[in-house]
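# Survey of secondary and tertiary structure
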Amino acid sequence: MDNPLGEPHIRPFDYAEKMASIDRDMVNSPPHYNQEIECIDAMAAMASGCKMPGHQAYCWQNIFKYLWRWPYKNGVEDLKKCRWYLDRLIKELELSNDK
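What you see is a predicted model; the values in this text were computed from it and never measured.

What counts, and where the lines are drawn
Residues numbered from 1 in each chain as written. Predicted model: local features only at pLDDT ≥ 70, side-chain atom pairs only at ≥ 80, totals over all residues. Heavy atoms only, no water. Helix = DSSP H or I, 4+ residues; strand = E, 2+ residues; numbered from the N terminus. Buried < 20%, exposed > 50% of the residue type's maximum accessible area, 1.4 Å probe, protein only. Contact = heavy atoms within 4.5 Å. Areas by Shrake-Rupley, 256 points an atom, 1.4 Å probe, with all protein chains shown as cover. Salt bridge = Lys/Arg side-chain N within 4 Å of Asp/Glu carboxyl O.

### Here we look at the overall build of the protein
Along the protein, the regular secondary structure elements total 4 helices and 0 strands. Listing the helices and strands of the protein from first to last along the sequence gives α-α-α-α. Across the 99 residues in the protein, those meeting the buried criterion constitute 24%. Contacts spanning at least 24 positions in sequence make up 39% of the contacts within the protein whose residues lie at least 6 apart. For the protein, the accessible surface area stands at approximately 7400 Å², while carbon and sulfur atoms represent 57% of it.

Written out as structure tokens, the structure is:
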């Protein structure tokens, strides 16, 4: 089934199904980070070739991580964590632009 934007329908992630189908390795492959592609692999791809100071990169990747996992793990709590890191990154960028 297609969505209104004409993109193929992606079956919603079923956490219970994922937990039942994998060996519970919460260190190497936790299900809330592992859908079709591992979150960490997507993060590596997005950061490839990007030049930014370490702490800014840390905030950016945490923003991505919490956006990635919010529907699979902690819901609104993860969105709030994402917002916290986004606000922190914005503040840091604004301060660096003032110099």
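From this point, things continue past the structure.
### Some remarks on the pattern of salt bridges
The full count for this structure, using the stated rule, is 2 salt bridges. Taking the shortest distance from any N to any O, the salt bridge between lysine 81 and glutamate 77 comes out at 3.2 Å. Of the two residues, lysine 81 and glutamate 77 both sit in helix α4 (residues 76-97), 4 residues apart, roughly one turn of that helix. For lysine 81, a relative accessible area of 27% puts it in the partly exposed group.

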